[in-house]
Amino acid sequence: MTHDVKEIFADAAPPAPAALAAKVRTLAPSMTRSMQRVAEAVAGDPAGCAALTVTGLAELTGTSEATVVRTARLLGYPGYRDLRLALAGLAAQQQSGRAPAVTADIAVDDPIADVVAKLAYDEQQTLADTAAGLDTVQLGAAVAALATARRVEIYGVAASGLVAQDLAQKLLRIGHIAHAHSDPHLAVTTAVTLRAKDVAIAITHSGSTGDVIEPLRVAFEHGATTIAITGRPGAAVSQYADHILTTSTARESELRPAAMSSRTSQLLVVDCLFVGVAQRTYETAAPALAASYEALAHRHRPRGNGNR
């Protein structure tokens, strides 16, 4: 199975106006430079662009009418007319009194209070963008596969590896057999043993991490259901993913690398998967959670003198 960005969003419903900016931030890195100019223009000035014809927007961005239409379709709209309607809706929302966005660039000499405020703003924006852009049909299909899986193997390295561990621990607590792997050799070894009733999950913001793509490919070729959690839905990892869950990322800066901003959105998707699985398997998940709480409760109680 192969996917490109057009295929991924071809059957999805047009995004709501509020999700347009999130779509632009998510998809811009996989666009051509001319399409990026169109996307940045509509996200930066929705009211102004909504008043333009397709010819006018092409002239404004120094592109062609065909590029404008392709960009609209890539963003999830059937045509430019639908994009203009969304832009008008977004402009109306912005003019209704919502506070303007603040910059979250962190300077070396920023007071710690400003660092807290800027990071909190970025985290909130990243979560909102991810929620707005998350395909709930794909999410539901991924939850259904996980709920009935014989075994779940999760692949991620570096910061994504920590997210993989988080998901594995959550699934284990509700009685599912799940393991997280950051060692590439062990990851491929486990992927070889997966079959049709198993699930493999790759977590990679860039979508191009070889140590994550390889075990997902092996799992895919052995018949397992495969899921990719990525910020680049058109990247190489999508070629071997039955279900793609797209994350958003806050703007990077010198003191806020991609590993920080991508982790926030990945954890939201992981939590959505876990809660969805827990809902579908509630009769077994609830007792398993209660049992794990009880098993660990004594470790959180104050120790008396006699327990030293």
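Structure shown above.
None of the values given here were measured: they were computed from a predicted structure.

Colleague: Mind laying out the overall build of the protein chain, listing which residues take part and the relevant values?
Modeller: The helix and strand inventory of the protein chain stands at 14 helices and five strands. The contacts of the protein chain with a sequence gap of at least 6 include a subset with a gap of at least 24, amounting to 72%.

Colleague: A description of the packing of helix α5 (residues 54-61) against helix α6 (residues 65-74) should follow, citing residues and the corresponding values.
Modeller: Two elements in contact, α5 and α6, have axes whose closest approach is 8 Å; the angle formed by their N-to-C orientations is 100 degrees. When the axis of α5 is compared with that of α6, the two are roughly perpendicular. Here Val 54, Thr 55, Leu 57 and Ala 58 of α5 come into contact with α6, specifically with Glu 65, Val 68 and Val 69. Residue classes in the contact of α5 with α6 are distributed as five nonpolar, one polar and one charged.

Colleague: Pulling in residues and values, what's your account of the pattern of salt bridges?
Modeller: Per the counting criterion, the structure on display carries seven salt bridges. Here Glu 153 ties to Arg 151 by a salt bridge, and the two come within 2.6 Å at their closest N and O atoms. With relative accessibility at 14%, the residue Arg 151 sits in the buried group. A salt bridge links Asp 166 to Lys 170, with the nearest nitrogen and oxygen atoms 2.6 Å apart.

Colleague: Go over the side chain of Thr 204, please, and point to the residues and values.
Modeller: Tracing the backbone through its elements, the reader meets Thr 204 in the loop between β3 (199-203) and α12 (210-221). Of the polar contacts made by the side chain of Thr 204, one reaches the backbone nitrogen of Gly 207; its length is 3.0 Å. In this structure, Thr 204 is in contact with Ser 160, Thr 209, Val 212, Ile 229, Thr 230, Gly 231, Val 237 and Gln 266, ignoring residues within four places of it in sequence.

Colleague: Lay out the sheet that holds strand β5 (residues 243-246) in plain terms, naming residues and giving numbers.
Modeller: The strand order across the open sheet built from five strands is β2-β1-β3-β4-β5, with neighbouring strands paired in parallel fashion. Two strands bound the open sheet, and with one partner strand each, they are β2 (178-181) and β5. Put simply, the sheet's adjacent strands are angled 15 degrees from each other on average, direction ignored. Pairing of strand β1 (residues 152-155) with β3 involves four bridges; the strand directions are parallel. Each residue of the ladder has a partner; that of Ile 154, found in β3, is Ile 201.

Colleague: Hey, could you go over the nonpolar core for me, with residue numbers and the actual values?
Modeller: One finds Val 152, Ile 201, Leu 245 and Leu 273 to be the most contacted residues of the largest nonpolar core, which totals 30 residues. Going through the elements one at a time, α9 (136-147), β1, α10 (158-173), β3, β4 (225-230) and α13 (258-280) are the ones with two or more residues in this core. The residues touching Ile 201, leaving out its near neighbours within four places in the chain, are Leu 146, Val 152, Glu 153, Ile 154, Tyr 155, Leu 167, Leu 216, Ile 227 and Ile 229.

Colleague: So, the packing of aromatic side chains: which residues are in play, and what are the values?
Modeller: Here the distance between the centres and the angle between the planes together describe a pair of aromatic rings. Per the counting criterion, the structure on display carries one aromatic pair. Relative to Tyr 240, the ring of Phe 220 lies with its centre 6.1 Å away and its plane at 65 degrees, an arrangement referred to as edge-to-face. A residue pair is termed long-range when its members are at least 10 positions apart, and Phe 220 in helix α12 and Tyr 240 in the loop between β4 and β5 qualify at 20 residues. The ring of Tyr 293 carries the charged tip of Arg 173 above its face, separated from the ring centre by 4.7 Å.

Colleague: Explain α9 residue by residue, including any values.
Modeller: With 12 residues, α9 extends 16 Å between its outermost C-alpha atoms, agreeing within 8% with the 16 Å of an ideal straight helix rising 1.5 Å per residue. Taken together, the buried positions of α9 are Leu 139, Ala 142, Val 143, Ala 145, Leu 146 and Ala 147.

Definitions and cut-offs
- Residues numbered from 1 in each chain as written.
- Predicted model: local features only at pLDDT ≥ 70, side-chain atom pairs only at ≥ 80, totals over all residues.
- Heavy atoms only, no water.
- Helix = DSSP H or I, 4+ residues; strand = E, 2+ residues; numbered from the N terminus.
- Contact = heavy atoms within 4.5 Å.
- Axes fitted to C-alpha atoms, helices over the stretch in contact; angles between N-to-C directions.
- Parallel < 35°, antiparallel > 145°, perpendicular 65-115°, else oblique.
- Nonpolar A, V, L, I, M, F, W, Y, C, P; charged D, E, K, R; others polar.
- Salt bridge = Lys/Arg side-chain N within 4 Å of Asp/Glu carboxyl O.
- Buried < 20%, exposed > 50% of the residue type's maximum accessible area, 1.4 Å probe, protein only.
- Polar contact = N/O pair within 3.5 Å; in protein donor to acceptor, adjacent residues only side chain to side chain.
- Pairing = 2+ DSSP bridges.
- Core = buried A, V, L, I, M, F, W, Y, C linked by side-chain atoms within 4.5 Å.
- Phe/Tyr/Trp six-rings, centres within 6.5 Å; stacked < 30°, edge-to-face > 60°.
- Lys NZ or Arg CZ within 6 Å of the ring centre and 35° of its normal.
- Expected span 1.5 Å × (residues − 1).

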